[in-house]
Amino acid sequence: MLLAFAVSGGASWAQPQEVAVEVWADRDQVTAVDMSPNAERIAMLMRRSQAGDPELLLFDADNLSGSLQAIAVEEGLTPTNVFWANDRYLIVSMIVELSQTGRPVYLPRVLSFDVEEQSWRSMVRIGGRDIRSNASNMMAQLGVGRVQSQLIDDPDHILVAHTEERGQSPNLYRTNVATGARELVFRGNSRFDDLIVDRQGEVRGATEYDAAANRVITLARTGADDDWREIGALDAANRDRFGLLGFYDPDRPNTALIVADEPGENTVGIYEQDITSGDRELLFRTPDYDAVSAILSPRASDGSRVVGYRYADLEGIQQYYIDQEFGALYAGLSDAFPGRSVQIVRYSEDGGTVLLYTSGPQDPGTWYLLRDGRVARLIGRNADLPADALSPSYLVEYEARDGMPMSGYVTVPDGEGPHPLIAMPHGGPWVRDYLGYDRWAQMLANRGWAVFQPNYRGSRMLGKAHWIAGDRQWGLSMQDDVEDGVQALIQEGIADPEKLGFFGWSYGGYSAFAAATRPNSQFNCIAAGAGVADIRRIRGGLSGSRFLREFQQPTIDGVNPIELVDRVERPMFIVHGDYDTTVPVEHSRRWVSGAEAAGVDISYVEIEDMGHSPRTFEDNMQWMPELFEFFETKCGF
């Protein structure tokens with residue numbers, strides 16, 4: 001049993017001050033920061049009060065404290081993201097909350113802000129706000145739209161996806177950021193998903209689902225008026241992976257960058273592929289880890305120039321630069337911030353100013369400015385979470401009971417072990433966790449409980465074999481992987497075998513239900529959020545594109561917890577939103593009903609108007625305090 005870290009024994013530290021539940025329940029104080037290409041201005045979204053909405057703030061880069069300006073937005077709109085299209089215009093994504101049959105409806109909207117004229121302009125056409133209207137153009141009147149592409153090579157325009165008919169796919173418009181004038185680029189339809197645009201803003205790639213063969217087909221075309229052709233596919237027969245990243249070379253417009261499996265290999269690489277001939281050339285691949293994406297230049301004048309590649313190792317997403325200038329900068333920054341992930345967000349035209357972002361287990365996220373070789377902290381995501389209130393996290397490597405290599409992460413609170421431990425498997429399941437800042441893991445560790453996050457079989461970006469090993473193993477070997485990791489931590493003296501808990505959301509909630517039905521469960525208590533209780537009643541996967549969810553459906557099989565609810569012997573806490581369209585609330589309602597009939601000690605919180613995940617302070621305050629009390633009183637922690 002191999003653990004890739006050591007925790008010294010004998011020493012004793014004071015437990016950091018307990019952070020109030022209200023802090024964990026609230027959204028980050030700062031959610032977005034961007035610097036203008038000329039490095040003169042910085043824009044930011046910041047919440048300045050508890051449970052408040054983010055505000056758009058603007059200030060001069062050379063006078064951070066003396067130039068702060070709050071930009072007023074229309075009542076009813078909440079900013080969610082911001083970036084500079086060019087030195088004059090900001091693009092701000094918004095959410096507008098409306099009501100339908102008494103339920104909240106959150107619709108996206110996009111506006112530009114002229115920093116010189118101090119004026120707003122909608123990037124979508126807006127009419128009335130009556131969501132109950134039966135008019136054929138009701139959706140168009142509501143102004144439902146989002147940014148499809150920034151169009152880095154064309155700073156005067158963005159590509160906007162505008163939903164103009166209820167139930168229909170959005171149309172794509174090349175939209176002038178100054179005037180709002182627009183040109184139809186692509187008419188939406190139900191055939192395609194995952195649209196890819198080239199450097200000129202033309203739709204050149206898409207995916208299509210072949211239900212008969214259970215294939216997600218990738219299509220490409222040489223121009224807007226040309227025929228689509230298949231260039232690759234994700235095929236259920238062989239599970240070889242394929243994805244179109246984009247068209248980045250202006251001198252070779254029919255050369256696409258793709259990620260694909262090499263026949264017989266376990267990991268994906270990044271290739272150039274001629275979409276007319278199908279010829280490929282390998283650009284980047286590692287023998288042990290999956291390639292993920294291209295890194296584009298952070299300097300605006302470079303447009304969509306590829307300067308490196310990302311790949312996923314056991315710890316998370318890593319960066320490999322092929323550009324000497326940015327590679328040297330990244331290496332220096334990585335040395336300056338050991339143990340943290342570093343992203344180069346913006347690089348000024350003169351190279352004199354760099355906006356960078358760091359994050360790590362004890363860094364929720366921090367923005368810095370690098371000027372003249374000196375790094376200055378700009379702002380952090382959450383000032384209410386000091387570093388000494390956060391706990392270190394470590395990579396764990398171990399073997400499952402069948403000999404398959406596994407990995408995950410453990411967040412360890414201060415103090416001498418062994419510690420009470422909570423197993424917290426991720427949702428998906430076709431996603432993965434990373435070694436970095438995790439809000440819920442830190443929230444639990446701050447109470448003195450270690451947290452284990454396994455990348456069980458079926459998790460993605462850990463190689464093809466690891467991915468497909470989870471097929472039809474729900475509640476079986478996928479569940480074994482969680483328990484085997486807990487046993488490894490017990491053997492290393494990190495986890496107290498008498499004080500074990502379980503908490504999961506979505507697929508993690510399913511895993512919690514499955515853990516509760518196992519005979520002589522090793523866990524003292526079990527909590528499930530938005531969990532799948534009946535695998536026969538889910539329409540497809542729980543994450544990814546609509547095509548990928550369809551593709552995933554045949555792989556979902558194994559233990560069906562609802563049929564075994566009478567076996568539950570441990571106390572349980574269940575939370576679910578009554579407006580969940582991914583895993584309907586009936587899953588938890590049926591589970592609670594069956595558990596109560598079986599005499600299970602169970603608590604249930606159903607949150608009105610909450611979807612699949614909590615999104616507001618009010619949502620979180622309805623279940624987080626209850627979760628803390630549950631672990632403290634029912635688990636013996």
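In this report, we go over the structure that sits alongside the text. (Residues numbered from 1 in each chain as written. Predicted model: local features only at pLDDT ≥ 70, side-chain atom pairs only at ≥ 80, totals over all residues. Heavy atoms only, no water.)

Topic: the sheet that holds strand S3 (residues 55-60)
Right, so step 1: Read from one edge to the other, the open sheet built from four strands follows the order S1-S2-S3-S4, with strand pairing classed as antiparallel. For this open sheet the edge positions go to strand S1 (30-35) and strand S4 (69-71), each flanked by a neighbour on one side alone. Between one strand axis and the next, the sheet turns through 25° on average, direction left out of account.
Right, so step 2: Pairing analysis gives five bridges linking S1 to strand S2 (residues 41-46), with the strands arranged antiparallel. Paired with Asp 34 across the strands is Ala 43, a residue of S2. (Pairing = 2+ DSSP bridges. Helix = DSSP H or I, 4+ residues; strand = E, 2+ residues; numbered from the N terminus. Axes fitted to C-alpha atoms, helices over the stretch in contact; angles between N-to-C directions.)

Comments concerning the pattern of salt bridges
Right, so step 1: Across all of its chains, the model carries 47 salt bridges by this definition.
Right, so step 2: For Asp 240, the salt bridge goes to Lys 464, with nearest N and O atoms at 2.5 Å. Taken together, the positions of Asp 240 in the loop between strand S16 (229-235) and strand S17 (242-246) and Lys 464 in helix H5 (residues 464-468) put the pair 224 residues apart, joining distant regions of the chain.
Right, so step 3: Looking at Asp 240, the relative accessible area reads 22%, which means it is partly exposed.
Right, so step 4: Between Arg 401 and Asp 480 there is a salt bridge; the shortest N-O distance is 3.4 Å. In this pair, Arg 401 is assigned in the loop between strand S28 (393-399) and strand S29 (405-411) and Asp 480 in helix H6 (residues 477-491), connecting sequence segments 79 residues apart.
Right, so step 5: On the accessibility criterion, Asp 480 (15% relative accessible area) is buried. (Salt bridge = Lys/Arg side-chain N within 4 Å of Asp/Glu carboxyl O. Buried < 20%, exposed > 50% of the residue type's maximum accessible area, 1.4 Å probe, protein only.)

So, the packing of aromatic side chains
Each aromatic ring pair is characterised by the separation of its centres together with the angle its planes make.
Right, so step 1: One pass over the full model with this rule turns up 30 aromatic pairs.
Right, so step 2: Between Phe 192 and Trp 228, the aromatic rings sit 5.0 Å apart at their centres with planes inclined by 50°, giving tilted as the arrangement. Of this pair, Phe 192 sits in the loop between strand S12 (182-186) and strand S13 (193-197) while Trp 228 is found in the loop between strand S15 (215-220) and S16, placing the two residues 36 residues apart along the sequence. The pair formed by Phe 192 and Trp 228 is uniform in burial state, with each residue classed as buried.
Right, so step 3: Every member of this aromatic cluster is reached through a ring pair, and the members are Phe 284, Tyr 289, Tyr 309, Tyr 311 and Tyr 320.
Right, so step 4: When the ring centre of Trp 467 is taken as reference, the NZ or CZ atom of Arg 239 above it lies at 4.1 Å. (Phe/Tyr/Trp six-rings, centres within 6.5 Å; stacked < 30°, edge-to-face > 60°. Lys NZ or Arg CZ within 6 Å of the ring centre and 35° of its normal.)

A short note on the nonpolar core
Right, so step 1: Counting 38 residues, the largest nonpolar core has Leu 421, Met 572 and Trp 591 as the members making the most contacts within it.
Right, so step 2: Each residue touching Trp 591, except ones within four places of it in the same chain, is listed here: Phe 513, Ala 516, Thr 517, Ala 533, Pro 561, Ile 562, Val 565, Val 568, Met 572, Ile 574 and Ile 602.
Right, so step 3: Membership of the second largest hydrophobic core comes to 33 residues, among which are Val 19, Ala 441, Leu 627 and Phe 628. (Core = buried A, V, L, I, M, F, W, Y, C linked by side-chain atoms within 4.5 Å. Contact = heavy atoms within 4.5 Å.)

Some points on empty space enclosed by the protein
The rolling of a water-molecule-sized probe over the atoms marks out the regions of remaining empty space.
Right, so step 1: The tally for this structure, following the rule as stated, stands at one cavity of 30 Å³ or more.
Right, so step 2: Quantified by volume, the largest cavity comes out at close to 40 Å³.
Right, so step 3: Lining the largest cavity, in full, are Pro 429, Trp 430, Gly 458, Gly 470, Asp 471, Trp 474, Met 478, Gln 552 and Thr 555.
Right, so step 4: A breakdown of the residues in the lining of the largest cavity according to their chemical character gives four nonpolar, four polar and one charged. (1 Å grid on protein atoms, 1.4 Å probe; cavity = no way out; pocket = protein on both sides within 12 Å on 5 of 7 lines; lining within 4 Å. Points joined across faces, edges and corners; volume = space filled by probe spheres on them. Nonpolar A, V, L, I, M, F, W, Y, C, P; charged D, E, K, R; others polar.)

Purely geometric numbers; function is a separate question.
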